[in-house]
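As a plain string of letters, each chain reads:
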Amino acid sequence: MASSQFELGLEVMSQLADAYSATDLGGRNEATTRLHLIDRIVFDALQWPREQCTPEESNDGQYADYVLGLPQRQIIVEAKKEGVYFELPLDATSREVSLTALTRGNANLESAVKQVSGYCTNRGIPVAVVCNGHQLVTFIGSRVDGIPPAQGRAVIFRSIAEMKEEFLTLWNCLSYPAIERKHLESRLTSESVPPPPEKLSRRLIHYPGVKKRNELEHELRTLGEIFLQDLVKDEDFRDEFLEKCYCSSGALSQYALISKEILKNRYAASGEGNKKTVTSASDRKGVSKDLLNAVLAKSITKRPVILLGDVGVGKTSFIKNLVSVEASEELKRGIVLYVDFGREPALRTDLQEYVLDSFERQLRDEHHVDLASDSFVRGMYHGDLLALRKGIYGFLRESDPNAYKLKEVELLASKMENKSGHVKKAIEHLISGERRTIVVFLDNIDQRQDDFQEEVFVIAQSLAETWPVTCFVTLRPSTYNKSRRQGSLSAYQNRVFTISPPRIDLVVQKRLEFALEQLEDGGLSLAGEGISVESHRLREYIEVLIDSIDRNPSLAECIDNVGAGNVRDALDLLTIFVGSGHVDTGKILEIKIRTGKYFIPLHEFLRAVIYGDNEHYSPDSSFVANMFDVSSVNTSEHFLTPHMVDYCLRSSQTPGSRMGYVLHGDVSSYLQSLGYRDLQIAAALSRAEQSKLFDFVAADAEAPSRLRITQRGAYVLRKLLGEFVYVDAVVVDTPIMDAQARQAIRDVRSIDDRLERASHFADYLDSCWKAAPRVEGGFDWSEVSSRLWGSIDEVERRIRGSRRD
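What counts, and where the lines are drawn
Residues numbered from 1 in each chain as written. Predicted model: local features only at pLDDT ≥ 70, side-chain atom pairs only at ≥ 80, totals over all residues. Heavy atoms only, no water. Helix = DSSP H or I, 4+ residues; strand = E, 2+ residues; numbered from the N terminus. Buried < 20%, exposed > 50% of the residue type's maximum accessible area, 1.4 Å probe, protein only. Areas by Shrake-Rupley, 256 points an atom, 1.4 Å probe, with all protein chains shown as cover. Pairing = 2+ DSSP bridges. Contact = heavy atoms within 4.5 Å. Axes fitted to C-alpha atoms, helices over the stretch in contact; angles between N-to-C directions. Parallel < 35°, antiparallel > 145°, perpendicular 65-115°, else oblique. Left-handed = near helix turned anticlockwise from the far one by under 90°. Nonpolar A, V, L, I, M, F, W, Y, C, P; charged D, E, K, R; others polar. Expected span 1.5 Å × (residues − 1). Arc of directions from axis to C-beta. pLDDT = per-residue confidence, 0-100. Phe/Tyr/Trp six-rings, centres within 6.5 Å; stacked < 30°, edge-to-face > 60°. Lys NZ or Arg CZ within 6 Å of the ring centre and 35° of its normal. Salt bridge = Lys/Arg side-chain N within 4 Å of Asp/Glu carboxyl O.

Notes on the overall build of the chain
Helix and strand counts for the chain stand at 35 helices and 18 strands. Split into buried and exposed, the 805 residues of the chain put 53% on the buried side. Surface summary for the chain: the accessible area is close to 36,000 Å², and the carbon and sulfur share equals 48%.

Listed below in C-alpha cells is the structure:
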C-alpha cells in the first residue's frame, strides 16, 4: 500500500511540474496559489486525507492556513501567494540548511518562519511548513529539546521541478505515512530528546528507602492487617461478618469530588451496543429481582451470567452476601459451587480439570455428596446397570455372580474415568433425584492474564450450555469490553449485572466497629500472631480511628476519593496508616489515654498515605501521583498534567458530557492548543493512567478512545496540589530545570529544613508559571499557589505554637 501511495504521489508531482513550467510565474494570489498548487501538493502528492485537514484554524485570533492531522495535529502549513519569493541557497547539493543562515537578510522568509513557528509553539504542533506553491521550507516549529525553533535546521525545496526530482525526500519528510512515523523530526532533531535534569531522588542513597518502625508501630501494623484485611477471609467469622459489616453496592458517595452522574454511570461504557442485557445488580431494596431470578434459575439461559465490577468494589463480598443472606432461604436445598481463581496457584496446566476437582471436593466436604461412594455411584448409574443386566453379560448374574460383579465395577470405573461426564452426571442426578438447585460462581478470574480469563470463560460457557446449572462469572469492565470486541464474549449475548462499590465511609466504619467489638468480647485471638501489645491499647487506637473519621469529614473525603471506589484500596489506606513509621503512634496513644480523645489531622493521615512504607516518596508505590513530573526540559510542562486533569474534570461537568467521558483526541487537541507537544502529552497520559487519575477506554470499531476522570484524579487536583505535605513529598521526584533552584532543593530531614525546601519549590513553580500557557476558566496555578503558601504558613504557625507549649 505504501509503495502505491508513493507512486501515485510521484505521478501527481510530475504532472504538476510539467503544467507549472508551461505557465507564467507569479500571477496567482494566495487563494489561487492554494487551490492550484498547494492543495495538490498536500492532498494529491503527499496523500494527506482531506478529512485530516482543518483550514483556517483560529487560536487567539490567529488563523493557520492548513492544520493537518486528527486527532493529533501534526503540521501547520503557512501558504504565501506565488509572487512572494524566498531567497533560497542555489547549492543544489544542500537539501538541509540552518534556519539561522537561511533567514538572515531574507525578510519574506524570516517573517513567514516566525509566523508559522509561533503558530506551532502556541498550539504544540511539531512540524512547520512555509510554501508559496513552488518553493517549500519545512522545519520543527515546536521543540521539546530546549533549542529555539528558529535556531534549528530546515529541509528546503527551491522549485516544483526539484520537488519532483527529489520526491523521495519530500515524501519521507511530509507525506501522511512519514509524519505518522516522525521521520522529519528524527532527521532534524538529535537522535534522542535531551532528558530533563535528574531528580533529587537520583542523588539519594538507597532511594526510596524503608521507613523504620518501632516495636509498637510494627505490632499495630500487624493488627491493622488482621482487623482490616484478614477477618473477612476467616470462615469462622463469615456469617457474623456479613451480618454486621456488609454494605450494599450502588450507594453514591457523599464525599466524591466528581459528579453524581459519573458515579451513577461508572459502568455505562460497558453496556454500549449491549444495553438491553446490562442492568444493575442492586436496587433500593437490595439485590435486584432479576438477579435473584437468575440465581434461582427462574430465567432460563444457556449462557453464563456476568457480574461486572471494577477491582476492589466487593464482587466477592456481594456473592457471599447473596448466597448467605439475600437468597439463603431460597437456596436452603440448593448447592452453591464456588471457585476462587484469586487464591489458587498462578499456573494451571488444565483449568477444566481444576474446576472439576473443585466441584468434586466441595460436593464431598460441604454438601456431603461423595462422588466416589459405592451407593451414590450405583444410584447415579442405575440405568446403566440395568442395561448391563439385560445385555450379553447378564447371564453371569446367575451363573457366576463374582464375575458379574467385576463387570459392574468395570462399567462404573469406566464411567468415573471420564471426570467431566461423571461430575456432570452427578449434578444431573442431584437435580432430578433430589430436586436441588445448582448454582456455580467462577470468581476473581479478572486477577489473571487475558488468555487465562478467556479459557475460564469458555469453561463457563460450556457449563451453562450443556450442564443443568446457572453459571456466574465475575469480570472487570475493561476485560469485558475487550473480550466482547475480540475475544470469547464476542460470540455471545450474555446477561450482565453491574456491581457498583458501596459507600466507602460506611465500609470503613463498620469494619472498624466490628474489630473493636471482637476485641472487647475477646473473640479475636492474637496470640498466634505474636502480638504482645495490651488489648486495651489496641482498643484505644481503634477508637481514635473511629472518632477521627466520624468527626473529621476531610479524612473520610480523603479515604473515599483516593480509594476511588475501590474498597480494597480504601482499606489499604487505613492499614498503611496504622503503625506507619511516618506517624508518632506513641504520641497518639499517650494523648488518647490521658485525655480520652485524639483526632487525627488530615496532614498526619496524608503523610502516611503518600509515603507508604518508604522513607521517600516514590510514584511507583504511592497511591498519589506526582502531577509536576515532566518528560522534557520545558518548564511549562510542570503544569501539563494539571491542565489535562482540570480539562477532563470540567468536561465531565458540562451538560453535553457523555457519562463523564471526553474523547482522547479532544484532550490532545486542547493540550496542543496550549503549546504542548504530542510526545509530552503521551508521556503525561501514560503517567496519569498508571496513577489511576483516569479511567481509560481503548478505541474499538464502535467508538474512539476515551478518558474519564476518577475521584482520585479530582482529589489530587482540587485538594493536594496546594498542600505542604504533598509538595514536601513530590519535590524529590520532580526535575528542576533552573540550576539555582536545583541547588537549593536538597535532601533534608528536619521540619524547618523541609519548610524551607518547600518554599524554594513553590518559588520555582511560581516562576515557571509566568512563562506557562494558560486559558481563561482553565487550570490556574496562581490560585493553587496561594493555597500552597497558606499551607506552608499554617505549618510554620503550628511548629511555633508547639515549641512555645
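Considering the sheet that holds strand β18 (residues 706-709)
With antiparallel pairing, the three strands of this open sheet are ordered in space as β16-β18-β17. Looking at the sheet topology across the chains shown, the edges are occupied by β16 (662-663) and β17 (694-697). Along the sheet, helix α28 (residues 640-652) contacts β16, β17 and β18; its crossing angle with β18, the most-contacted strand, is approximately 85°.

Quick word on the packing of helix α24 (residues 553-563) against helix α27 (residues 602-611)
Packed helix pairs are characterised by how far apart their axes lie and by the angle those axes make with each other. For the pair α24 and α27, the least separation of the axes is 9 Å and the interaxial angle reads 20°. Classified by the interaxial angle, the pair formed by α24 and α27 is roughly parallel. Handedness of the crossing formed by α24 with α27: right-handed. Note on element contacts: α27 touches α24 through Leu 602, Phe 605 and Leu 606, opposite Ser 554, Leu 555, Cys 558 and Ile 559. In terms of residue class, the contact of α24 with α27 is made up of six nonpolar, one polar and no charged.

Description of the sheet that holds strand β11 (residues 305-308)
The strands making up a sheet associate through hydrogen bonds between their backbones, and the pairing can be parallel or antiparallel. Taken in spatial order, the six strands of this open sheet run β8-β15-β11-β14-β13-β12, and their pairing is parallel. Two strands bound the open sheet, and with one partner strand each, they are β8 (278-280) and β12 (335-340). If you compare each strand with its neighbour and ignore which way they point, the axes differ by 20° on average. The sheet contact formed by β8 and strand β15 (residues 495-498) spans three bridges and is parallel. Note on β15: the bridge partner recorded for Thr 279 is Phe 497. Across the sheet, helix α13 (residues 315-326) is in contact with β11, β12, β13 (438-443) and β14 (470-475); its angle to β13 comes to roughly 165°.

Let's talk about helix α30 (residues 678-690)
Compared with an ideal rise of 1.5 Å per residue, which puts 13 residues at 18 Å, α30 spans 18 Å between its outermost C-alpha atoms and is within 8% of the ideal. Taken together, the buried positions of α30 are occupied by Asp 678, Gln 680, Ile 681, Ala 684, Leu 685 and Ala 688. One face of α30 carries all of its buried residues, which in axial projection span an arc of 150°.

Some thoughts on the confidence of the model for the chain
Mean pLDDT over the chain: 84, with 88% of residues reaching 70 or higher. Taken element by element, the predicted model of the chain shows its lowest mean pLDDT in helix α21 (residues 477-486) (68) and its highest in helix α32 (residues 724-730) (97).

A few points about unusual backbone geometry
Between Tyr 207 and Pro 208 the backbone carries a cis peptide bond, its omega angle lying at 0°. Here Pro 208 shows up in the loop between α8 (183-188) and α9 (215-230). Positive phi values are uncommon outside glycine, yet Gln 47 reaches one of about 65°. Looking at where Gln 47 falls in the secondary structure, it is placed in the loop between α2 (30-45) and β1 (53-59). Under the relative-accessibility criterion, Gln 47 is labelled buried at 16%. Despite not being glycine, His 368 shows a phi value in the positive range, around 55°. Structurally, His 368 can be placed in the loop between α14 (351-365) and α15 (374-380). Of the residues examined, His 368 reaches a relative accessible area of 69% and is grouped as exposed.

Some thoughts on the packing of aromatic side chains
Going through the model one piece at a time under the given rule, you end up with 17 aromatic pairs. Plain terms: the ring middles of Phe 441 and Phe 472 are 5.0 Å apart, the flat faces sit at 20° to each other, and that makes the pair stacked. Of this pair, Phe 441 sits in strand β13 while Phe 472 is found in strand β14, placing the two residues 31 residues apart along the sequence. Judged by relative accessible area, which is 1%, Phe 441 ranks as buried. Given a relative accessible area of 1%, Phe 472 falls into the buried group. One residue, Arg 706, lies across the ring of Tyr 661, its end atom 5.4 Å from the ring centre.

Considerations on the pairing of strand β2 (residues 62-68)
A large share of β2 lies buried, amounting to five of its seven residues. Two elements, β1 and β2, share six bridges in a ladder whose sense is antiparallel. Residue Asn 59 lies in a different strand from β2, and its bridge partner there is Gln 62. Linking β1 back to β2 in an antiparallel pair, the connection comprises two residues, with Asp 60 at a positive phi of about 55°. Looking at chain direction, β2 and strand β3 (residues 75-79) are connected through three bridges and run antiparallel. Within β3, the residue paired with Tyr 66 across the bridge is Val 77. Taken together, β2 and the strand that follows it, β3, pair antiparallel across an intervening segment of six residues, in which Gly 69 is found at a positive phi of about 115°.

Quick word on the environment of Val 697
Checked against the element boundaries, Val 697 lands in strand β17. Overall, the relative accessible area of 10% leaves Val 697 in the buried class. Taking the C-alpha atoms as reference, Val 697 lies 9.3 Å from His 664; in sequence the two are 33 residues apart.

Brief notes about the pattern of salt bridges
Between side chains of opposite charge, a pair can form when the charged atoms approach closely. A full pass over the atoms with the stated rule returns 44 salt bridges. Across the pair Asp 65 and Arg 34 runs a salt bridge, and its minimum N-O distance is 3.7 Å. Of this pair, Asp 65 sits in strand β2 while Arg 34 is found in helix α2, placing the two residues 31 residues apart along the sequence. Put simply, Arg 123 and Glu 57 hold a salt bridge, and the shortest N to O gap is 3.1 Å. Pair noted here: Arg 123 is in helix α4 (residues 107-123) and Glu 57 is in strand β1, with a separation of 66 residues, a long-range link. With relative accessibility at 14%, the residue Glu 57 sits in the buried group. Several salt bridges converge on common partners, so that one network encompasses Glu 353, Asp 357, Glu 360 and Lys 419.

Details of the pairing of β12
For β12, the buried fraction is high: five of the six residues fall into the buried class. Two strands pair when backbone bridges link them, and β12 and β13 are joined in this way by six bridges, in the parallel orientation. Paired with Val 339 across the strands is Leu 442, a residue of β13.

Quick word on the side chain of Ser 668
With respect to the helices and strands, Ser 668 occurs in helix α29 (residues 664-673). Classification of Ser 668 by relative accessible area gives buried; the value is 1%. Excluding its chain neighbours within four sequence positions, the residues that come into contact with Ser 668 are Gln 72 and Ile 681.

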